[in-house]
Amino acid sequence: MFADKLCILSDEELVSRYCDTRDHKAFQEIYLRYKDELFRYCAQMVPHRCTQLMEAFWSVFLDTPPELQRRRLKNWLYIRLNRLLCTPDKDTPDTDNRSDDSARAHGDALHSALKGSDVLRAIQQLPRMQRNVFLLFTECGLSLATVADIEGTTLAHCRAILEESRNSIEHALYGSARKPWKSAATLAKEAEARAAEENANNKATEERVDKKQTGPQKPRVTLPWGKTSKVAAASPATADRSVEVA
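None of these values were measured; they are calculated from a predicted model.

Parameters at a glance
- Residues numbered from 1 in each chain as written.
- Predicted model: local features only at pLDDT ≥ 70, side-chain atom pairs only at ≥ 80, totals over all residues.
- Heavy atoms only, no water.
- Helix = DSSP H or I, 4+ residues; strand = E, 2+ residues; numbered from the N terminus.
- Buried < 20%, exposed > 50% of the residue type's maximum accessible area, 1.4 Å probe, protein only.
- Contact = heavy atoms within 4.5 Å.
- Polar contact = N/O pair within 3.5 Å; in protein donor to acceptor, adjacent residues only side chain to side chain.
- Expected span 1.5 Å × (residues − 1).
- Bend = angle between axes of the 7 residues up to and from the residue.
- Core = buried A, V, L, I, M, F, W, Y, C linked by side-chain atoms within 4.5 Å.

**Student:** Please provide a residue-by-residue account of the overall build of the protein chain, values included.
**Tutor:** When you go through the protein chain residue by residue, the secondary structure sums to 12 helices and zero strands. In the protein chain, which comprises 246 residues, the share counted as buried stands at 28%. Partitioning the contacts of the protein chain with sequence separation of at least 6, the portion at a separation of at least 24 is 64%.

**Student:** How would you summarise the side chain of Q44 if you had to cite specific residues and measurements?
**Tutor:** Within the fold, Q44 resides in helix α3 (residues 24-45). Engagement of the side chain of Q44 in a polar contact is seen with the side chain of E139, the distance being 2.9 Å. Each residue touching Q44, except ones within four places of it in the same chain, is listed here: L114, L120, I123, Q124, R131, L135 and E139.

**Student:** Account for α3, with residues named and values stated.
**Tutor:** Along its 22 residues, α3 runs 29 Å from first to last C-alpha, staying within 8% of the 32 Å computed at 1.5 Å per residue. The sharpest bend along α3 reaches about 45 degrees and sits at Y34. Every buried residue belonging to α3 is among A26, F27, E29, I30, Y34, L38, Y41, C42, A43, Q44 and M45, and all of these are buried. For α3, the side-chain oxygen to backbone nitrogen distance between the N-cap and K25 is 3.1 Å, and the N-cap itself is D23.

**Student:** Quick rundown of the nonpolar core? Include the residues and the values.
**Tutor:** Within soluble globular proteins, side chains that are nonpolar generally end up buried alongside one another. If you look at the biggest cluster of nonpolar residues, it comprises 47 residues, and the most contacted ones within it are L38, Y41, F61, L73 and L81. It is α3 that provides the largest number of residues to this core, a total of nine residues. Beyond its immediate chain neighbours, meaning those up to four positions away, L73 contacts D11, E12, V15, I30, Y34, F61, P66 and L68.

See the structure below:
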């Protein structure tokens, strides 16, 4: 099969072809598809030994290609690389003859690149689990269920970690929510206004309560001769005259 035909094959078909034939062109197609994103992920997780780990990773893939057994190649790659990231420095396979100074130079270059971006620097400040969950889900495009399986935790816990990582990055970039600055005089005036408004509301509430308790009152009717409709009590003299007998 010509090289231009390999590009139409799926990842899993390429792996199967490489397992059966050890066709280097099939491996090269897989490598071109994933080398950049795997390197970016590894660089943000362990920048000081990223180059060494990636060379070891692809070397193992060449020697012993995976048997996917109906799994996606992308998931397998990140699961396997994540296991390699968890190995101590002394257990990392050595696949080249470069000196420690050269490896250190590569690590310093990656550190400088990460510090040059506010977002990448904020990601580097996250705890390892938060950084791993955030990168695998946000940048690498894995499902949250796969990320939870890689971290060996529940889906709910993984979702909470992802939310915490996003909040931490947002806080590192923008800080806490800022409030507009106000002078002491302005704050005092606003306090007085709030107190006056509260007193007015309390007074209105008390008046409504009083009206409900006393009930509606009928207005007094003013008579034409200046007396109200309420009849005054008769004086004693008037009472005596009313009972006189001629």
